Amino acid sequence: MEQSINAQQYPTVGIRLKVFLQACYNPATHKMHTELHNNAGLPAKQPYSGSPWFYNGSEVLDLNDPEIVDWMLVELYAGGFLRGQAAGLLRSDGNLVNTGGNPVVHIVVDKEVANTAVSDLNPLPPDTYYLVVRHRNHLPVRTKYPIKFADYQGEAVVNLSFDAGNCFSNQDYTSTVQIGSTWCLRAGDVNSDGQVKVNGANNDQNALVNDPALNGLLSSVLQDQYKTQDVNMDGLLKQSGPKNDLDFLANKVLGGSLSMVYKAQL
Ligand SMILES: [Ca+2]
Ligand SMILES: [Ca+2]
């Protein structure tokens with residue numbers, strides 16, 4: 001027999017999130033550039049439907065805000081299970097807004113997820129949710145401490161930019177990277193596999209250089225690109241010359257170290 005579902009089993013919570021991306025952040029202005037939006041344009045529909053995210057949300061871009069940097073994906077986890085997801089738009093000032101431009105992004109929690117029985121989705125105490133923040137070609141992070149939505153009347157304020165200690169870490173490096181006085185998500189995950197590296201199996205340099213459109217040509221420049229290979233998020237795909245993506249990956253993100261590997265810390 002199908003279990004009836006009370007609407008109260010699916011509470012909606014709000015997140016006011018501040019987060020910065022290494023690819024775009026400029027410490028002189030304390031803002032992120034919007035070159036991807038300006039040069040290539042953003043997809044109308046949220047871009048996290050494919051691997052590895054498989055988020056099937058129907059968010060559609062319906063505002064024309066020149067300060068939009070890119071789409072982000074936010075998730076709530078409890079007990080190790082995914083309990084809710086939403087796509088939002090990141091503004092140059094680090095604020096995540098919903099598709100209508102509101103700085104509160106709502107997430108329906110305890111929504112049924114794949115392979116999880118409804119009976120297992122009992123409402124949990126409001127202090128057991130961890131927020132995971134994802135971007136297409138940056139390493140994801142999660143909050144170190146559970147979010148107590150009850151303390152915020154259901155609308156939590158989460159600022160990941162002023163302290164690395166806000167994010168969970170299990171490696172000998174922080175999950176975010178400091179640029180100036182601001183902590184940002186780490187860039188360079190071209191193949192979106194949760195690791196940033198230029199050497200070894202499944203490395204991001206190969207994922208960039210072997211892009212079929214670049215055709216193995218060092219001098220190729222592809223314009224108006226909305227791809228994870230666009231490491232510095234300027235809408236251009238290039239691996240040589242000024243502001244090229246390979247340089248950003250190898251030198252800015254990995255500090256010129258062939259052996260450095262940054263892993264997602266979730
Ligand atoms: Ca990678
Ligand atoms: Ca680029």
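Residues numbered from 1 in each chain as written. Chains lettered and ligands numbered in written order. Predicted model: local features only at pLDDT ≥ 70, side-chain atom pairs only at ≥ 80, totals over all residues.

A. Representation of the overall build of the protein in the model. Helix and strand content of the protein: 3 helices and 16 strands. Across the 266 residues that make up the protein, the buried fraction comes to 40%. Counting only contacts in the protein whose residues sit at least 6 apart along the sequence, the fraction spanning at least 24 positions is 60%. (Helix = DSSP H or I, 4+ residues; strand = E, 2+ residues; numbered from the N terminus. Buried ≥ 20, exposed ≤ 12 C-beta atoms within 10 Å, placed from the backbone. Contact = placed C-beta atoms within 7 Å.)

B. Seen up close, the sheet that holds strand S5 (residues 81-91). One open sheet accounts for 5 strands, arranged S6-S5-S4-S8-S9; its pairing is antiparallel. Edge positions in the open sheet fall to strand S6 (96-97) and strand S9 (138-142), since each of these has one partner strand only. In terms of strand pairing, strand S4 (residues 68-78) meets S5 through 10 bridges, oriented antiparallel. Paired with Val74 across the two strands is Ala86, which belongs to S5. (Pairing = 2+ DSSP bridges.)

C. Expanded view of the pairing of strand S12 (residues 182-185). The pairing of strand S11 (residues 176-179) with S12 spans 4 bridges and is classified as antiparallel. If you follow Gln178 over to S12, its bridge partner there is Trp183. In this antiparallel pair of consecutive strands, S11 and S12, the connection spans 2 residues, and Gly180 shows a positive phi of 65°.

D. Geometry of the sheet that holds strand S1 (residues 12-18). Here we have 3 strands laid out as an open sheet, ordered S7-S1-S10, and mixed in their pairing. In the strand order of this sheet, the two ends are held by strand S7 (105-108) and strand S10 (155-159), each with one partner. The mean angle between the axes of side-by-side strands here comes to 30°, regardless of whether they run parallel or antiparallel. (Axes fitted to C-alpha atoms, helices over the stretch in contact; angles between N-to-C directions.)

E. Representation of unusual backbone geometry. Cis geometry is adopted by the peptide bond preceding Pro52, which originates at Ser51 and carries an omega value of 0°. Along the polypeptide, Pro52 turns up in the loop between helix H1 (35-40) and S4. With phi around 50°, Phe54 is a residue other than glycine that occupies positive phi space. On the basis of neighbour counts, which here come to 10 C-beta atoms within 10 Å, the residue Phe54 falls in the exposed class.

F. Region of interest: the confidence of the model for the protein. Residues with a pLDDT of 70 or more make up 89% of the protein, whose mean pLDDT is 88. Within the model, the stretch residues 1-8 combines pLDDT values under 50 with 3 contacts to residues more than four positions away or in other chains. Segment residues 112-119: pLDDT under 50, and 9 contacts once partners within four positions in sequence are set aside and those in other chains are kept. (pLDDT = per-residue confidence, 0-100.)

G. The environment of Asn203, seen in detail. Within the fold, Asn203 resides in the loop between strand S13 (195-196) and helix H2 (204-209). Not counting residues up to four positions away in its chain, the partners in contact with Asn203 are Lys197 and Val198.

H. Looking closely at the nonpolar core. Leu21, Met72, Val74, Leu96, Ile107, Val133 and Leu249 are the most contacted members of the largest nonpolar core, which has 57 residues in total. If we ignore the near neighbours within four places in the chain, the residues touching Leu96 are Leu17, Val19, Met72, Gly88, Leu89, Leu90 and Val105. (Core = buried A, V, L, I, M, F, W, Y, C linked by C-beta atoms within 7 Å.)

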